[in-house]
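Here's the letter readout for the chains.
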Amino acid sequence: IVKMKGMNKYFGKLHVLKDIDLTVEQGEVVVIIGASGSGKSTLIRCVNGLEEFESGTLEVDGQKLAPKGGNQQALAEIRKEVGMVFQQFNLFPHLTVRKNIMLAPMKVKNTSQVVANATAERLLERVGIGSQADKYPNQLSGGQQQRVAIARALAMEPRLMLFDEPTSALDPEMIGEVLDVMRELAKEGMTMMVVTHEMGFAREVADRVIYIHEGQIVEEGRPEDVFDNPQNERTQAFLSRVL
Ligand code: ATP
Ligand code: MG
């Protein structure tokens, strides 16, 4: 569902992504790990066009994105198919939880209010906060807000979900409830690209783990192989610091 070939990305003179080749199959859960500043966020932001890239090819769900923001049509299609969850939940503070979830389907897909509302209620049940629909985001805990953010992304019925450190801003006791929702999603067959420092989650849920060092994929494989028997010395050094 995602195919990157020879992708390069610069911020000015800084070469942030270097010749990235990466394929994600439908139903696959790919976890991306690496040190701060290695390019993890930039990589997944490229997938839904939040960042442009300078060279190479990127195909998402059959739509080809051109370098330098070319092909706006494809970009619009991709954004409908790809959901994203950030470290900061980015909920609309002036809208209730229910309205946060209803907004995009009604605006982008012309979903009726009745259907959008039913979907919102179903998704809130699914992420375990069915009783919170008419609260505002600031009346919820961080873990609850992040679960709303996941429900909001799911309301667009995405074919691919991107997560960029979804638990990094949470108090420790709330991390588990968000990881549980992600684990369920993975079990149900959602295709996911996840940037996280939660190595336990990566080991348990990932089909494949990718280690990025200074903008390059230097190691990739099954979690048991990458964690227990890393081949690259950079990966070894990183893992010995975080595990
Ligand atoms: P972290 O673990 O801290 O989130 P990361 O692996 O997600 O790091 P990126 O955010 O992708 O790293 O950043 C990669 C590099 O690009 C870093 O050197 C960063 O300073 C730089 N960078 C990121 N965004 C921009 C931007 N908008 N303009 C200029 N440089 C940027
Ligand atoms: Mg990041």
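Below is a summary of the structure that appears in this document. (Residues numbered from 1 in each chain as written. Chains lettered and ligands numbered in written order. Predicted model: local features only at pLDDT ≥ 70, side-chain atom pairs only at ≥ 80, totals over all residues. Heavy atoms only, no water.)

**With respect to the overall build of the chain**
This is how the line gets drawn: Only runs of H or I of at least four residues qualify as helices and only runs of E of at least two qualify as strands under DSSP, and these elements are numbered from the N terminus. Each radius of gyration reported is based on C-alpha atoms, and the globular scaling rule is 2.2 Å times the count of residues to the power 0.38. The rule is simple: take the accessible area with a 1.4 Å probe, protein chains only, and divide by the maximum for that residue type; under 20% is buried, over 50% is exposed, in between is partly exposed. The Shrake-Rupley method, run with a 1.4 Å probe sphere, supplies the accessible areas, and residue values consider only the shown protein chains as cover. Only four residue types enter the tally: Lys and Arg on the positive side, Asp and Glu on the negative side; His and the chain ends are excluded. Here the site of a charge means NZ on Lys, CZ on Arg, CG on Asp, or CD on Glu.
From N to C terminus, the chain includes 9 helices and 10 strands. Computed over its C-alpha atoms, the radius of gyration of the chain comes to 18 Å, within 12% of the 18 Å expected for a compact globule of 243 residues. Principal-axis analysis of the C-alpha atoms places the extent of the chain at approximately 50 × 40 × 30 Å. Within the span of the chain, comprising 243 residues, buried residues form 50% of the whole. Surface summary for the chain: the accessible area is close to 11400 Å², and the carbon and sulfur share equals 46%. Within the chain, the 33 negative side-chain charges are centred at a point lying 5 Å from the centre of the 28 positive side-chain charges.

**Section: the site of ligand 1**
So the rule is basically this: When we say a residue is near a molecule or strand, we mean one of its heavy atoms is within 4 Å of it. Two N or O atoms form a polar contact when they lie within 3.5 Å of each other; inside protein one atom must be a possible hydrogen donor and the other a possible acceptor, and for residues adjacent in sequence the pair counts only when both atoms belong to side chains. As a working rule, the residues Ala, Val, Leu, Ile, Met, Phe, Trp, Tyr, Cys and Pro are called nonpolar, Asp, Glu, Lys and Arg charged, and the rest polar, with Gly in that last group.
Near ligand 1 the following residues occur: Phe11, Leu14, Val16, Ala35, Ser36, Gly37, Ser38, Gly39, Lys40, Ser41, Thr42 and Glu165. Take Ser38: an N or O atom from its main chain is 3.2 Å from an oxygen atom of ligand 1. For ligand 1, whose accessible area on its own is 640 Å², the fraction buried by protein is 59%. Looking at the shell around ligand 1, the elements with two or more residues in it are β2 (14-24) and α1 (40-47). With 3 residues, the single largest contributor to the shell around ligand 1 is α1. Of the residues that constitute the shell around ligand 1, the class distribution is 4 nonpolar, 6 polar and 2 charged.

**A few points about the packing of helix α3 (residues 97-108) against helix α5 (residues 142-154)**
Helix packing for two helices is described by the angle between their axes and how far apart those axes are. Going by this rule: Here an axis means a line fitted to C-alpha atoms, over the contact stretch when the element is a helix, while the angle between two N-to-C directions is reported on a 0 to 180 degree scale. By the definition adopted for this analysis, an angle is roughly parallel if under 35 degrees, roughly antiparallel if over 145, roughly perpendicular if from 65 to 115, and oblique otherwise. Crossing handedness: left-handed means the near helix sits turned counterclockwise from the far one by under a right angle, and right-handed means the same turn made clockwise. Pairs of residues are marked as contacts when any of their non-hydrogen atoms sit within 4.5 Å.
Between α3 and α5, the least distance of the axes is 8 Å, while the angle of their chain directions is 25°. Between α3 and α5, the crossing angle belongs to the class labelled roughly parallel. Considering how the two elements wind past one another, α3 and α5 form a crossing that is right-handed. Two secondary-structure elements touch here, α3 through Val97, Asn100 and Ile101 and α5 through Val148, Ala151 and Arg152.

**Here's the deal with the sheet that holds strand β9 (residues 208-213)**
How we decide: Whether two strands pair comes down to DSSP finding at least two bridges between them.
Ordered by their spatial adjacency, 6 strands build an open sheet running β6-β7-β8-β3-β9-β10, and the pairing between neighbours is mixed. At either end of the open sheet lies a strand with only one pairing partner, and these are β6 (82-85) and β10 (216-221). The sheet shows a mean angle of 20° between the axes of neighbouring strands, direction not considered. Where β6 lies against strand β7 (residues 160-164), 4 bridges are found, and the strand directions are parallel. Bridging across to β7, Val82 finds its partner in Leu160. Lying over the sheet, helix α6 (residues 172-187) contacts β3 (29-34), β7 and β8 (191-195), oriented at roughly 145° with respect to β8.

**Observations concerning the sheet that holds strand β5 (residues 63-65)**
Reading across the sheet, the 4 strands line up as β2-β1-β4-β5 and stay open at both edges, with antiparallel pairing between neighbours. Pairing within the sheet leaves two strands with one partner each, and these edge strands are β2 and β5. Strand-to-strand twist in this sheet, taken as the mean axis angle between neighbours without regard to direction, amounts to 25°. Bridge analysis of strand β1 (residues 2-11) against β2 gives 7 bridges, and the strand direction is antiparallel.

**Examining the pairing of β1**
Hairpin connection from β1 to β2: 2 residues lie between these consecutive antiparallel strands, with Gly12 at a positive phi of about 60°. Inspection of the sheet shows β1 paired to strand β4 (residues 55-60) by 5 bridges, in the antiparallel sense. Paired with Lys5 across the two strands is Thr57, which belongs to β4.

**Quick notes on the environment of Gly37**
Structurally, the position occupied by Gly37 is in the loop between β3 and α1. Assessed through its relative accessible area of 74%, Gly37 is described here as exposed. When the C-alpha atoms of Gly37 and Val47 are compared, they prove to be 18 Å apart, with 10 residues separating the residues in sequence.

**A look at the pattern of salt bridges**
Threshold: Salt bridge, as used here: a side-chain nitrogen of Lys or Arg that lies within 4 Å of a carboxyl oxygen of Asp or Glu.
Per the stated rule, a full pass over the model turns up 17 salt bridges. We note a salt bridge from Glu188 to Arg126, for which the minimum N-O separation is 2.6 Å. Of the two residues, Glu188 sits in the loop between α6 and β8 while Arg126 sits in helix α4 (residues 113-126), which places them 62 residues apart along the sequence. The partly exposed category is assigned to Arg126, whose relative accessible area is 39%.

**Some remarks on the packing of aromatic side chains**
Counted only if it meets this: In this scheme Phe, Tyr and Trp rings, the latter by its six-membered ring, pair at centre separations within 6.5 Å, and the angle between planes marks the pair as stacked below 30 degrees, edge-to-face above 60, and tilted otherwise. In this scheme, Lys NZ or Arg CZ marks a charge over a ring once it lies within 6 Å of the ring centre and within 35 degrees of the ring normal.
If you walk through the whole model with that rule in mind, you get 1 aromatic pair. Residues Tyr211 and Phe238 carry aromatic rings whose centres are separated by 5.1 Å and whose planes lie at 40° to one another, so their mutual orientation is tilted. Highlighted residues: Tyr211 in strand β9 and Phe238 in helix α9 (residues 233-242), separated in sequence by 27 residues. Take Tyr211 and Phe238: they sit in the same class, and that class is buried. Directly above the ring of Phe11 sits Lys9, whose terminal nitrogen or CZ lies 4.5 Å from the centroid. Taking NZ or CZ as reference, Arg152 lies 5.3 Å from the ring centre of Phe92, over its face.

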